[in-house]
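Here are the chains, one letter per residue:
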Amino acid sequence: MTRLHRLLHPRSIAIVGGGAFATNVVKQSLKMGFTGHIWPIHLTKPDIEGIKAFRSIADLPAAPDAAFIGVNRFATIDILRELAVRNAGGAISFAAGFLEADDPDGPRLQRELIEAAGDMPVIGPNCYGLINYADGALLWPDQHGGRRLAPGTRGAAIITQSSNIACNLTMQKRGLPLAFLMTAGNQAQTGLSEMALGLIEDERVSVLGLHIEGFDSIPGFERLAARARELQKPIVAMKVGRSEQARAATISHTASLAGSDAGSDAFLKRLGIARVHSIPAFLETLKLLHGVGPLAGNRLSSMSCSGGEASVMADAADGRAVTFPPLGETHRNRVKATLGPLVAVANPLDYHTFIWNDEPAMTATFTAMVSGGFNLNMLVLDFPRTDRCSDADWWPTVRAFEAALNANNARGAIVASMAENLPEEHADDLFARGIVPLHGIEEAIVATEAAAFVGKAWARGGCAARIPRRSIRQIPAHLTQSPRPPRPPRILRARSPHHSPIPRPPRRTQITRPRPQIRTRRCPPQPQHPRRDPSRRHRPLAPRRRPLRRAHDRESAR
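First, a word on what this report is: a plain description of the structure on this page. Only a predicted model underlies this, so the values are computations on that prediction, with no experimental measurement involved.

## Some points on the nonpolar core
For step 1, the next point in the chain: Judged by nonpolar contacts, the single largest core of 98 residues is most densely connected at Ile-159, Leu-210, Phe-221, Leu-224 and Met-378.
For step 2, the next point in the chain: Looking at this core element by element, the count peaks at 7 residues for helix α16 (residues 441–460).
For step 3, the next point in the chain: Leu-349, Ile-414, Ala-416 and Leu-422 belong to the second-largest nonpolar core, a separate cluster that totals 30 residues.

This is how it looks when you write it as structure tokens:
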């Protein structure tokens, strides 16, 4: 159990403030059906949303497990100090204007915030807070589009450093079940890696998604990756900061240092954390890993009733770390026998419309294709819009694909070429059938590549070759919490003879045992060069003629 357990799984919530944002926390907790205690705190209001309000933290009947602080940045410091004295489980600091702000008071207030909180964990400041969809506990000052996790089921946990992106993620209609959603803010006291460690310990979390603007701690992320592998919970990261503009925005937004993108990429690869670069790919990768977990390899199959879709699938995988391998002769003949002579059998497969809406025929073809032992089998299927059309003829295809997967004990996904052609209710139905719904062909290929990367990293066991810590330039030295001090910068000697050389720092020897003595043989004296040997006679060399350099020398020589 981590120190964030009470904050993440509260049985009592205190809400400080009477403005619109603090009031929304009470509204959203009631709307989600939170069964714990809700304790609003306000100096003058007798109640908020029908819930009795207390005048101060000292008046609360007990120490709250979690608190949402919705007052200004100056009053936030005093509230944190009072909560720490009451031994509260943790707090969300909503106010902005700390280290992330271009304000002279920001750094001082951030230091005072950390001092006031003491050992009590604080999320933020400048963050929206968290939503626990598993228990219905919300410390969230705005509306959201999520729904409570069904009992006995699992979902994804997402942490982002952007509250607005967090709000947008709750509005997704792609069928991704959420167990937790959390915002990190500027991570004044509690870093993103510690938040993630607290979330993956919950058994209702199946996969972890991280939107990262800046790393908080190298050792913290190393511990997170190791624990996630122990629990068999894959991690997907959307790390921003590839452009100079993104790095500048990151500093002004959360006071984090985005730094070298190459260093970030190498660091995530070493930890076995899959990286994607867009929000749609982020969501699709989370869905795939939630549904089927990491892939044991990169061999894919694709089926569609259109040659155009087969071509798009093949092009999407070009240059990626996944492949559509050609079918072996025996496998090809098995598929060919279910389709007849007019269909060219390949992978990706265009099975044409000869067997459309013929469920037994489609089941035979899909079963033969899936029998090839692929790591993931995909069926391209766009549903018609139900407000103007009927989708009745599409469900025999779904049932045939489901039967083929079950017959071969295989993993499968249905891919819609456009996100709007796979409604949320259809996505929920596919998940219930054990089929992963994927929105977008490009996003589906990115998701399979990420899942194959995680599977390969886990099969490798342990981390990859260690990346030097100095290569990850985006992590400030005071945040790494590493017992090994950073290496000093390389000092070069002066090149100009007119400048005195700068001495290099002494190198630390790594020899733990004395060097062996090497015996050398003394060679006999060698004879001198003939011109320098006085014992040998030789003709003396002619004197060297000096060049005439001056005019009077030339005149005298005439």
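## Let's talk about helix α14 (residues 395–408)
For step 1, the next point in the chain: The end-to-end C-alpha separation of α14 is 20 Å, in line with the 20 Å expected for 14 residues at 1.5 Å each.
For step 2, the next point in the chain: The set of residues buried in α14 consists of Trp-395, Pro-396, Thr-397, Val-398, Ala-400, Phe-401, Ala-404 and Leu-405.
For step 3, the next point in the chain: The secondary structure elements touched by the buried residues of α14 are β15 (300–304), α13 (359–370), β17 (376–380), β18 (412–416) and α15 (424–432).

## A short note on the pattern of salt bridges
For step 1, the next point in the chain: In this structure the tally under the stated criterion is 23 salt bridges.
For step 2, the next point in the chain: With a closest N to O distance of 3.0 Å, Arg-108 and Glu-112 form a salt bridge. Of the two residues, Arg-108 and Glu-112 are both situated in helix α4 (residues 106–117); the distance of 4 residues between them amounts to about one turn of the helix.
For step 3, the next point in the chain: Among the salt bridges present, the one from Glu-222 reaches Arg-270, with a minimum N-O distance of 2.9 Å. A residue pair is termed long-range when its members are at least 10 positions apart, and Glu-222 in helix α7 (residues 218–231) and Arg-270 in helix α9 (residues 261–271) qualify at 48 residues. For the pair formed by Glu-222 and Arg-270, the shared burial category is buried.

## A look at the packing of helix α11 (residues 307–317) against α16
Two measures define how a pair of helices packs: the angle their axes make with one another and the distance between the axes.
For step 1, the next point in the chain: Put simply, α11 and α16 touch, their axes get as near as 9 Å, and they point 45 degrees apart. Relative to α16, the element α11 lies oblique. Viewed along their axes, α11 and α16 form a crossing whose handedness is right-handed. Mapping the contact onto sequence places Val-312, Met-313, Ala-316 and Ala-317 in α11 and Ile-441, Glu-442 and Ile-445 in α16.
For step 2, the next point in the chain: In the contact of α11 with α16, the residues fall into 6 nonpolar, no polar and 1 charged.

## Brief notes about the side chain of His-144
For step 1, the next point in the chain: Assignment of secondary structure puts His-144 in the loop between β9 (137–139) and β10 (155–160).
For step 2, the next point in the chain: At 3.5 Å, the side chain of His-144 forms a polar contact with the side chain of Gln-28.
For step 3, the next point in the chain: Excluding residues within four positions of it along the chain, His-144 makes contact with Gln-28, Met-32, Ile-131, Tyr-133, Leu-138, Thr-170 and Met-171.

## Structural notes on the packing of aromatic side chains
For step 1, the next point in the chain: Applying the stated criterion to the full structure yields 11 aromatic pairs.
For step 2, the next point in the chain: Joined through ring pairs, the aromatic side chains of Phe-21, Phe-68, Phe-94, Tyr-128 and Trp-140 make up one cluster.

## Considering the sheet that holds strand β1 (residues 12–16)
For step 1, the next point in the chain: Pairing in this open sheet of 5 strands is parallel, and the strands run β2-β1-β5-β6-β7 from one edge to the other. Since the sheet does not close on itself, it has two edges, and those belong to β2 (37–41) and β7 (122–123), each with one partner.
For step 2, the next point in the chain: For β1 and β2, the ladder comprises 5 bridges, and the chain directions are parallel. Paired with Ser-12 across the bridge in β2 is His-37.
For step 3, the next point in the chain: Contacts from helix α2 (residues 20–32) reach β1, β2 and β5 (66–69) within the one sheet, and its direction differs from that of β1 by about 155 degrees.
For step 4, the next point in the chain: In this fold helix α3 (residues 73–85) packs onto β1, β5, β6 (91–93) and β7, with an angle of close to 170 degrees to the strand it touches most, β5.

## Some words on the pairing of β10
For step 1, the next point in the chain: The element β10 is largely enclosed, with a buried count of 6 among its 6 residues.
For step 2, the next point in the chain: When β10 meets strand β12 (residues 205–212), the two strands line up parallel, connected through 6 bridges. Across the sheet, Gly-155 pairs through a bridge with Val-205, a residue of β12.
For step 3, the next point in the chain: Bridge analysis of β10 against strand β11 (residues 178–183) gives 5 bridges, and the strand direction is parallel. Counted as the bridge partner of Ile-159 is Met-182 from β11.
For step 4, the next point in the chain: Viewed along the sheet, the connection from β10 through helix α5 (residues 163–170) into β11 turns out right-handed.

The rules we used
- Residues numbered from 1 in each chain as written.
- Predicted model: local features only at pLDDT ≥ 70, side-chain atom pairs only at ≥ 80, totals over all residues.
- Heavy atoms only, no water.
- Core = buried A, V, L, I, M, F, W, Y, C linked by side-chain atoms within 4.5 Å.
- Buried < 20%, exposed > 50% of the residue type's maximum accessible area, 1.4 Å probe, protein only.
- Helix = DSSP H or I, 4+ residues; strand = E, 2+ residues; numbered from the N terminus.
- Expected span 1.5 Å × (residues − 1).
- Contact = heavy atoms within 4.5 Å.
- Salt bridge = Lys/Arg side-chain N within 4 Å of Asp/Glu carboxyl O.
- Axes fitted to C-alpha atoms, helices over the stretch in contact; angles between N-to-C directions.
- Parallel < 35°, antiparallel > 145°, perpendicular 65-115°, else oblique.
- Left-handed = near helix turned anticlockwise from the far one by under 90°.
- Nonpolar A, V, L, I, M, F, W, Y, C, P; charged D, E, K, R; others polar.
- Polar contact = N/O pair within 3.5 Å; in protein donor to acceptor, adjacent residues only side chain to side chain.
- Phe/Tyr/Trp six-rings, centres within 6.5 Å; stacked < 30°, edge-to-face > 60°.
- Pairing = 2+ DSSP bridges.
- Right-handed = clockwise from strand over helix to strand, strands pointing away.

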